[in-house]
Amino acid sequence: MDTIMTIMPLAAVMEEAKDYVNGLDTLWVCLGAMLVFWMQPGFALVEAGLTQSKNAANILMKNFVDFMCGTVLFWIIGFSIMYGAGNAFFGWEGFTFIGTDSNVPAECTFIFQTVFCATSATIVSGAMAERTKFSMYVVFSILISALIYPLEGHWSWGGGWLSEMGFHDFAGSTVVHLCGGALALAGAIVLGPRVGKYGKDGKSRAIPGHNLVLCALGVFCLWVGWFGFNPCSTVAATGYANAVSMSHVFVTTNMAAATGGIAAMTYTWLFDKKPSLSMVCNGVLAGLVGITAGCDCVSIASAALIGAVVSIVMCFSVSFIDKVCKIDDPVGAVSVHGVGGFLGTVLTGVLCDSAIDGVEANFGVQLLGASAVAVFAFCIGMILFTIIKKTHGLRCDRIIEEEGLDVYEHGEACYN
């Protein structure tokens, strides 16, 4: 019996293959969005664990607000400012988001960038924890998601002036973390320290977090989430080159986290005589923040070095900001995200190997880009928080701070 074979035209085969490739790339980016969203509960657990139990519900509520408001405002205006056609400083084409030329659908790109936006806003929450009016937190969370983050993001990722100069920030050491850290520093300065944080002699007093189990669990969630944050920023999974790239990013990301944790453990063991769990948690996060800019273009050995260096500097920074600058940052957000993001971005310019991914990062451009974003975010933050403080008031009443924000602000408590 004769077998009749139907051969598809070459054009139809190519079109079907293209659809298959685009489908896999879309699945990869959507998976990344889900993993990065998992960082929201991670941040919530870390922040809640490192602060007092009387404010736990308030901490969790703020993390919900960051993502809920961030989603809506980034859709209405933020995405267009960040990625819309415009000039070197901001975009303006289209609102309620526009399509982009990409190998994945516009909605896929949008949701992936939305979870990044929410991450930047959440960083600010930790440094201003336990003494901020909830209503005012909602206001500046909205402004961060709608205007501040999209504006500076356009410079690097939306075709703005930094991208034209060759500034390299693969997944957001500067765009996400340094921006959030600089805003956090401004907020902590304007807000002032918590009641009882500094004695009459000016010495810092420890206000221990209520649950290191929550903190540690949150760090593990963030570690997992970072495997979406960095590797999925390739925005493509098909083809051997992309497979090599995302595999390399997985390894460098994990290596920096590991050496960051080891460096923090060693630092506290040597200088404080005992290895600190809370500092190891922050050391892991500092390593992850530091490697995010250059995870695609540095070697595995360089990633290990970046994680260790950023973590050690973070440990010093936490003590310096607390004891010398007298700035109260309950969770170390400024040191982990601000200092870690800045240093990681600059080290990318030193350790980048163009043979790995064809990327060339210049030290001077990296330093300029990180400095520009830091200064912009800090200055905007100082202006924004000062206006709120002088008008409606940024800080809650003393009695509310002493007895806890949970009952006064939300009418309920995490622990009854």
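Predicted model, so just to flag it, every value in this text is computed and none were measured.

Digging into the packing of helix α7 (residues 173-191) against helix α12 (residues 333-351)
Phase 1: In contact at an axis separation of 7 Å, α7 and α12 are set at 140° when each is read in the N-to-C sense. Taken together, the axes of α7 and α12 are oblique relative to one another. Between α7 and α12 lies a crossing of left-handed hand. Together, Ser 173, Thr 174, His 177, Leu 178, Gly 181, Ala 184 and Leu 185 of α7 and Val 334, His 337, Gly 338, Gly 341, Phe 342 and Thr 345 of α12 make up the contact between the two elements.

What about empty space enclosed by the protein?
Phase 1: Counting across every chain of the model gives one cavity of 30 Å³ or more.
Phase 2: The computed volume of the largest cavity comes to approximately 130 Å³.
Phase 3: Lining the largest cavity are 13 residues, with Phe 43, Val 46, Val 331, Ala 333 and His 337 sitting closest to its centre.
Phase 4: Within the residue set of the lining of the largest cavity, elements represented by two or more residues are α2 (39-49), α4 (106-127), α10 (277-291) and α12.
Phase 5: Looking at side-chain class alone, the lining of the largest cavity contains seven nonpolar, five polar and one charged residues.

Comments concerning the pattern of salt bridges
Phase 1: A full pass over the atoms with the stated rule returns six salt bridges.
Phase 2: Close ionic contact of Glu 47 with Lys 62 constitutes a salt bridge, the shortest N to O distance being 3.8 Å. Residue Glu 47 is located in helix α2, and its partner Lys 62 is located in helix α3 (residues 56-83); the two are separated by 15 residues in the primary sequence. Of the two residues examined, Glu 47 and Lys 62, each falls in the buried class.
Phase 3: Across the pair Arg 398 and Glu 402 runs a salt bridge, and its minimum N-O distance is 2.9 Å. Of this pair, Arg 398 and Glu 402 are both found in helix α15 (residues 398-403), four residues apart, which corresponds to roughly one turn of the helix.
Phase 4: We classify Arg 398 as exposed; its relative accessible area is 55%.
Phase 5: The structure contains a network of salt bridges with shared partners spanning Glu 130, Arg 194 and Asp 328.

Quick look at the side chain of Asp 406
Phase 1: The topology assignment puts Asp 406 in helix α16 (residues 405-410).
Phase 2: Buried within the structure, Asp 406 lacks any salt-bridge partner; its nearest side chain of opposite charge belongs to Lys 62, at an N-O separation of 9.4 Å.
Phase 3: At a separation of 3.3 Å, a polar atom in the side chain of Asp 406 contacts the main-chain amide nitrogen of Ala 56.

Some thoughts on the layout of surface pockets
Phase 1: Within this model, the largest pocket holds a volume of roughly 830 Å³.
Phase 2: Lining the largest pocket are 33 residues, and of these Lys 197, Ser 278, Met 279, Val 318 and Asp 322 sit closest to its centre.
Phase 3: Every element with two or more residues in the lining of the largest pocket is listed here: α9 (240-271), α10 and α11 (300-324).
Phase 4: Broken down by element, the lining of the largest pocket gets its largest block of residues, seven residues, from α11.

Topic: the packing of helix α5 (residues 134-157) against α7
Phase 1: Packing of α5 against α7 brings their axes to within 10 Å, and their N-to-C directions diverge by 135°. Judged by the angle between their axes, α5 and α7 are oblique. Relative to α7, α5 is oriented so that their crossing is right-handed. Side by side, α5 and α7 meet where Ile 144, Ile 148, Tyr 149, Glu 152, Gly 153, Ser 156 and Trp 157 of the first sit next to Thr 174, Val 175, Val 176, Cys 179 and Leu 183 of the second.
Phase 2: Across the contact of α5 with α7, the residue classes tally to eight nonpolar, three polar and one charged.

Cut-off values and rules
- Residues numbered from 1 in each chain as written.
- Predicted model: local features only at pLDDT ≥ 70, side-chain atom pairs only at ≥ 80, totals over all residues.
- Heavy atoms only, no water.
- Axes fitted to C-alpha atoms, helices over the stretch in contact; angles between N-to-C directions.
- Helix = DSSP H or I, 4+ residues; strand = E, 2+ residues; numbered from the N terminus.
- Parallel < 35°, antiparallel > 145°, perpendicular 65-115°, else oblique.
- Left-handed = near helix turned anticlockwise from the far one by under 90°.
- Contact = heavy atoms within 4.5 Å.
- 1 Å grid on protein atoms, 1.4 Å probe; cavity = no way out; pocket = protein on both sides within 12 Å on 5 of 7 lines; lining within 4 Å.
- Points joined across faces, edges and corners; volume = space filled by probe spheres on them.
- Nonpolar A, V, L, I, M, F, W, Y, C, P; charged D, E, K, R; others polar.
- Salt bridge = Lys/Arg side-chain N within 4 Å of Asp/Glu carboxyl O.
- Buried < 20%, exposed > 50% of the residue type's maximum accessible area, 1.4 Å probe, protein only.
- Lys, Arg positive; Asp, Glu negative; His and termini not counted.
- Polar contact = N/O pair within 3.5 Å; in protein donor to acceptor, adjacent residues only side chain to side chain.

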